[in-house]
Amino acid sequence: IPSWFLSLNPNGKVPCLVSDEGKLVLWESGAICAHMLERFDRDRFLAPTGTLEQARFWQLAFYCAGTVDNLTATSSPIQRAVGAAGPRWDNDERRRALREVCGPTLQDLICQNGGPYAAGARFGAADVFSGMCTFWLKEKAGWLSDSPALEKYYEELIKPRAAFQDAVGGIENGFDF
């Protein structure tokens, strides 16, 4: 990890948002999304405030960022601290955690507003979090087939979105992680 990046984000992970003025440096996907929603979703279209859906959004956002993301994480402060000789989670254990715990829980959280999107009838901020988790589970780990409902959600509702394609770019050619 380059030292210039560690000076911005001591965790050495992406995402990291640096304002044009350089006055704001944010890391952690949840903090960045909350900031972007506050700044740009002024009509609260993507994340209505003071609603049951907003509370469920925060639950889904924290679950994705704090739990599901760890299934595919390959860069963390713990990994940096212990180095290559340190203990590693076995991929079979991670995949089993997806099948038995995280996948069913994530599916329940996505469906709790009546679907098909995590926010209900339309795409919302919750789909940004769950969409990225399903992206990593599918494109990086190749495990999303273990959860057909999550795979369908990703393939039909997330992956085809033009903004998603712009954000991740070129997924039809695969990634070199």
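The preceding data block contains the structure.
Residues numbered from 1 in each chain as written. Predicted model: local features only at pLDDT ≥ 70, side-chain atom pairs only at ≥ 80, totals over all residues. Heavy atoms only, no water.

Observations regarding the environment of Leu109
Thinking step 1. Mapped onto the elements of the fold, Leu109 is located in helix α5 (residues 91-111).
Thinking step 2. Classification of Leu109 as buried rests on a relative accessible area of 9%.
Thinking step 3. In this structure, Leu109 is in contact with Gln59, Leu60 and Tyr63, ignoring residues within four places of it in sequence. (Helix = DSSP H or I, 4+ residues; strand = E, 2+ residues; numbered from the N terminus. Buried < 20%, exposed > 50% of the residue type's maximum accessible area, 1.4 Å probe, protein only. Contact = heavy atoms within 4.5 Å.)

What about α5?
Thinking step 1. The largest bend in α5 is about 50°, located at Leu98.
Thinking step 2. Looking only at α5, the buried set comprises Arg94, Leu98, Cys102, Gly103, Leu106, Gln107, Leu109 and Ile110. (Bend = angle between axes of the 7 residues up to and from the residue.)

Overview of the pattern of salt bridges
Pairing between side chains becomes possible if they bear opposite charge and their charged atoms approach one another.
Thinking step 1. Taken as a whole and judged by the stated rule, the model has eight salt bridges.
Thinking step 2. Across the pair Arg99 and Asp146 runs a salt bridge whose closest N-O atoms are separated by 3.5 Å. Residue Arg99 is found in helix α5, and its partner Asp146 is found in the loop between α6 (125-140) and α7 (148-158); the two are separated by 47 residues along the sequence.
Thinking step 3. A relative accessible area of 41% means that Arg99 is categorised as partly exposed.
Thinking step 4. Taken together, the salt bridges that share partners define one network made up of Lys138, Glu139, Glu151, Glu155 and Lys159. (Salt bridge = Lys/Arg side-chain N within 4 Å of Asp/Glu carboxyl O.)

Details of the layout of surface pockets
Thinking step 1. Of the pockets and cavities examined, the second largest pocket occupies roughly 150 Å³.
Thinking step 2. In this structure, the second largest pocket is lined by 17 residues; those nearest its centre are Pro48, Glu53, Asn113, Ala118 and Ala119.
Thinking step 3. Elements that contribute at least two residues to the lining of the second largest pocket include exactly α3 (52-72) and α6.
Thinking step 4. A total of five residues in the lining of the second largest pocket trace back to one element, the largest contributor, which is α3.
Thinking step 5. In terms of residue class, the lining of the second largest pocket is built from ten nonpolar, four polar and three charged. (1 Å grid on protein atoms, 1.4 Å probe; cavity = no way out; pocket = protein on both sides within 12 Å on 5 of 7 lines; lining within 4 Å. Points joined across faces, edges and corners; volume = space filled by probe spheres on them. Nonpolar A, V, L, I, M, F, W, Y, C, P; charged D, E, K, R; others polar.)

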